[in-house]
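Chain residues, written in single-letter form:
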Amino acid sequence: MKPAPFAYKKPRSLEEAVALLGEHKDARLLAGGQSLIATLNMRLSAPSLLIDINGISGLDQIAHKGGMVEIGALVRHAQAEHSDMMHKLAPLIARALPHIGHPAIRNRGTLGGSIAFADPAAELPACLMALDGEVETSGPKGKRTIKATDFFKGLFETALGPQDILTAIRIPAATKDTRTGFAELARRHGDYAIVGLAASARADGKGIADVKLSFFGVGSTPTRAKKAEAALASGNVDAAVAALDLDPHDDVQATGAVKKHLAGVLLCRVAKQLMEAQP
Ligand SMILES: Cc1cc2nc3c(=O)[nH]c(=O)nc-3n(C[C@H](O)[C@H](O)[C@H](O)COP(=O)(O)OP(=O)(O)OC[C@H]3O[C@@H](n4cnc5c(N)ncnc54)[C@H](O)[C@@H]3O)c2cc1C
C-alpha cells in the first residue's frame, strides 16, 4: 500500500520544528522513518504534514558529560553500535543494539525514534529503564528532563506532549563496578523479541547490588521485576525465577504462560552475565 498524501517540511532548528507542531496538530515528526513510514504505508496513520527533523544540527552526537553519557536523538543505531565510547561507557546499550532489526534498519533508525515510539517489544526503552536513564525534550515551554520511570506511560504512549521533541537520552556512564546483562528470544535474529531482558547491577564484593531487571515484550511498557531483583541481589537465581513478578498477556507471538516461562529462562542467562566480571 502507499501512504495517504502528506505535506513535507524540513526545519533547520528545534524552535522551528516546535512551532510547526503547534500550527499543524496532526503533524508527525520524521526521524529515521523505520517505524513511521511503515505505519503510513499501512495507513495506520495519515498525518497531513511530516516534519523531517534530520536537518536540525546538534542532535547526532554522543558525549560524556558529568558522569553521564548523552546520546543525541538523531544518533543512528549503527553509529552507536560502532562507537568505542558506547562500548566503554554504555555497554548495556552496545549489547542490545545488534538485536534491533537488520543493518539496513540500524543505518537509518535513530535512538530518539526508538525511545519516542515506545514499542513494548523494543530493546532500547528497556535498556533506558534498566539504567535509570532520563530523556531530554524541547517544547513550547523550553527544555524538560523526564526520568525513564516516568516516561513510558502505556502502549506506544509516552510523557511527550503534542509539541515536544525528544532531543537526547542520558544514562549514567559505566564504571569498573558496573555489570550489565542482555538476552532476548526472537523467532529469527532481527525480529522483534517475543520476550527480552535488559539488566544492570553494581559489583559488590563477590556479589551484586542495585539489580535492575527490565523486561520487554511482557506488557504495554518495559517492566521492572522488583521482587526478582531483590532475590537476585541476594545471590539466589532460583529464588529470583520463582519470585518473577510479571503477568504477561497473550499476544500474536506467544501465550502469557509461555512468555512467563521464557522470562525465567532469560533471567537465568542474564544472571550469569551479571555475576561474571566484565571487561
Ligand atoms: C523490519 C523491521 C524490523 C525492526 N525490528 C526492530 C527491533 O527488533 N527492535 C526495535 O526496537 N525496533 C525495530 N524496528 C524499528 C526501528 O528500530 C525504528 O528505527 C525505531 O523504532 C524508530 O526509529 P526511527 O528513527 O526510524 O523513527 P521514525 O520511524 O522516524 O519515528 C517513529 C515515531 O517516533 C516519533 N519520533 C521520532 N523521533 C522523534 C523525536 N526525536 N522526538 C519525538 N518523536 C519522535 C515519530 O513521529 C514517529 O511517531 C524495526 C523496523 C523494521 C522496519
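Description of the structure in this document. Since the model is a prediction, treat every value here as computed from it, not as a measurement.

The environment of the ligand is made up of 30 residues, and the closest members are Leu29, Gly33, Leu36, Thr110 and Glu123. Between the ligand and Leu36, the relevant distance is 2.7 Å, taken from an oxygen atom to a main-chain nitrogen or oxygen of the residue. Notes on the ligand: free accessible area 960 Å², of which the protein chains cover 88%. Secondary-structure elements contributing two or more residues to the shell around the ligand are strand S2 (28–30), helix H7 (111–117) and strand S10 (165–172). A per-class count over the shell around the ligand returns 15 nonpolar, twelve polar and three charged.

Below, the discussion takes up the pattern of salt bridges. By the definition in use, this model includes twelve salt bridges. Residues Arg144 and Asp164 are paired through a salt bridge, measuring 2.6 Å at the closest nitrogen-oxygen approach. Of this pair, Arg144 sits in strand S7 (residues 142–147) while Asp164 sits in the loop between strand S9 (157–158) and S10, placing them 20 residues apart in sequence. Looking at Asp164, the relative accessible area reads 12%, which means it is buried. Each of Lys65, Glu70, Glu134, Glu136, Lys143 and Arg170 takes part in salt bridges that share partners, so that together they form one network.

A word on the side chain of Ser138. Tracing the chain through its elements places Ser138 in strand S6 (residues 134–139). Setting aside its immediate chain neighbours within four residues, Ser138 contacts Leu14, Val18, Lys143, Gln163, Asp164, Ile165 and Thr167.

Here we come to the sheet that holds S2. On the basis of which strands lie adjacent, the open sheet formed by three strands has the order S1-S3-S2 and parallel pairing. The open sheet has two edge strands with one neighbour each: strand S1 (7–9) and S2. The mean angle between the axes of side-by-side strands here comes to 30°, regardless of whether they run parallel or antiparallel. Across three bridges, the pairing between S1 and strand S3 (residues 49–52) is parallel. In the sheet register, Tyr8 faces S3, and the bridge partner there is Leu50.

Rules and cut-offs
- Residues numbered from 1 in each chain as written.
- Predicted model: local features only at pLDDT ≥ 70, side-chain atom pairs only at ≥ 80, totals over all residues.
- Heavy atoms only, no water.
- Near = heavy atom within 4 Å.
- Polar contact = N/O pair within 3.5 Å; in protein donor to acceptor, adjacent residues only side chain to side chain.
- Areas by Shrake-Rupley, 256 points an atom, 1.4 Å probe, with all protein chains shown as cover.
- Helix = DSSP H or I, 4+ residues; strand = E, 2+ residues; numbered from the N terminus.
- Nonpolar A, V, L, I, M, F, W, Y, C, P; charged D, E, K, R; others polar.
- Salt bridge = Lys/Arg side-chain N within 4 Å of Asp/Glu carboxyl O.
- Buried < 20%, exposed > 50% of the residue type's maximum accessible area, 1.4 Å probe, protein only.
- Contact = heavy atoms within 4.5 Å.
- Pairing = 2+ DSSP bridges.
- Axes fitted to C-alpha atoms, helices over the stretch in contact; angles between N-to-C directions.

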